[in-house]
Amino acid sequence: MNFFKTLFGGKPKTPEEDKKETEAHNLDVLKYDGKQAMMQGNADYAVKCLTHALKIKDDPETRDYLSQALIRQGDLLMAYEHLQKLAETEPDNVKIYMRMAHVAYMMEDYNAMSNACEKAMLIDKDMPELMYLYAQACIGLNDSSNAVAMLTKAINLREDYGDARLLRGETLLDEGNIAEASEDALWLKEHFSDVEEVLMLNGKIEKAKGETEKAMQTFNDIIDLNPFSIDAYRERAAIKLEQGDKAGHDEDMEKIAEMTPENNEEDIEEKTRQAYKNSNPFG
């Protein structure tokens, strides 16, 4: 082959050039296989491919895919470390900091989450999604007043931001501010009446106001919508007990026992799914 290249004026490749071409080819193959494996749900194989690809070349796109595969695998700490390295490579990429914040949320490391949000807000201080993430970090750090302030700012920027209204309503209710929580609950019910979390907020507010029958009906509606809503059964059981319906209370508590695993250790995949759902109950 090299003879013909020389004969017709082509320049033969050096061993170093051959090596670089082979490495580039292997990198592309491993990156593609890793991405495909991740999309098909095979996180373990994806991590193997992408880790090997990174050994060939420190490629930001490969590291990005690897961080996603590690999240799906459940290795959140390693995913966070790769995201930190990505942030060093692309310090102005707000999406990297947002993913860091999501991973920190799943690890329940609210200091790291807050730090990632603050860095992201230096890049874009008017992104409602960032304010929502920052509010979640504040709640994790027991700073509800700052959480409400951030959520209010997010809602002012995007009036129809249902997630922010829901989290603000829940936070205000936890603070005992029923009047302001009711405003968010009413808006949400008018716009998202079939969302379980919206009904739950309304039911809890009705219960806090002493509107027992309305609250009972709301929890019934939630159970009709989702027969596996442990929170709805628990809230309804408490009302039944207050009304002297011990049998009804016990029946609901038995339902909860049936739906609760014998051990309290959460499967990492379920924990990850629930964390994303908590970040965005509206999908």
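Here is what the cut-offs are and how they apply
Counting of residues starts from 1 at the beginning of each chain's written sequence and follows it residue by residue. Where local features are concerned, this predicted model is filtered to residues with pLDDT of at least 70; where side-chain atom pairs are given and counted, the filter is 80 or more; whole-chain, interface and lining totals use all residues. Water and hydrogen atoms were dropped before computing side-chain values, which therefore reflect all heavy atoms in the structure. pLDDT gives the predictor's per-residue confidence on a scale running from 0 to 100. Only DSSP runs of H or I with at least four residues qualify as helices, and only runs of E with at least two residues qualify as strands; both kinds are numbered from the N terminus onward. Lines are fitted to the C-alpha atoms to define the axes, a helix being fitted only along its stretch in contact, and any angle between axes, read from their N-to-C directions, falls within 0 to 180 degrees. Here the word oblique covers every angle except those under 35 degrees (roughly parallel), over 145 (roughly antiparallel) and from 65 to 115 (roughly perpendicular). Crossing handedness is read from the near helix: turned anticlockwise from the far helix by less than a right angle, it gives a left-handed crossing, and turned clockwise, a right-handed one. Whether two residues touch is decided by their heavy atoms; if any such pair falls within 4.5 Å, the residues are in contact. In this classification, Asp, Glu, Lys and Arg are treated as charged, Ala, Val, Leu, Ile, Met, Phe, Trp, Tyr, Cys and Pro as nonpolar, and every other residue, Gly included, as polar. By salt bridge we mean one thing: a side-chain nitrogen of Lys or Arg within 4 Å of a carboxyl oxygen of Asp or Glu. A simple rule labels every residue: compare its accessible area, found with a 1.4 Å probe on the protein chains alone, to the largest value its type can have, and call it buried under 20%, exposed over 50%, or partly exposed in between.

(A) Looking closely at the confidence of the model for the chain. The predicted model of the chain averages 87 in pLDDT, with 85% of residues at 70 or higher. The weakest mean pLDDT in the chain belongs to helix α1 (residues 2–7) at 46; the strongest belongs to helix α8 (residues 128–140) at 97.

(B) View of the packing of helix α4 (residues 60–73) against helix α5 (residues 76–89). One way to put it is that α4 packs onto α5 with a least axis distance of 8 Å and a crossing angle of 155 degrees. In terms of orientation, α4 lies roughly antiparallel with respect to α5. Note that α4 runs across α5; the crossing there is left-handed. In this structure, α4 contributes Pro 60, Arg 63, Asp 64, Leu 66, Ser 67, Leu 70 and Ile 71 to the contact, and α5 contributes Leu 76, Met 78, Ala 79, His 82, Leu 83, Lys 85, Leu 86 and Thr 89. Residues that form the contact of α4 with α5 fall into these classes: 9 nonpolar, 3 polar and 3 charged.

(C) Quick look at the pattern of salt bridges. Considering all chains together, one arrives at 14 salt bridges under this definition. Ionic pairing is found between Asp 184 and Arg 165, a salt bridge with its closest N-O pair at 3.5 Å. Here Arg 165 lies in helix α10 (residues 162–175) and Asp 184 lies in helix α11 (residues 178–191), a separation of 19 residues in the sequence. You'll find Asp 184 and Arg 165 in the same group, each marked buried. Linking Asp 231 and Arg 234 is a salt bridge whose minimum nitrogen-to-oxygen distance equals 3.2 Å. Of the two residues, Asp 231 and Arg 234 both sit in helix α14 (residues 230–242), 3 residues apart, roughly one turn of that helix.

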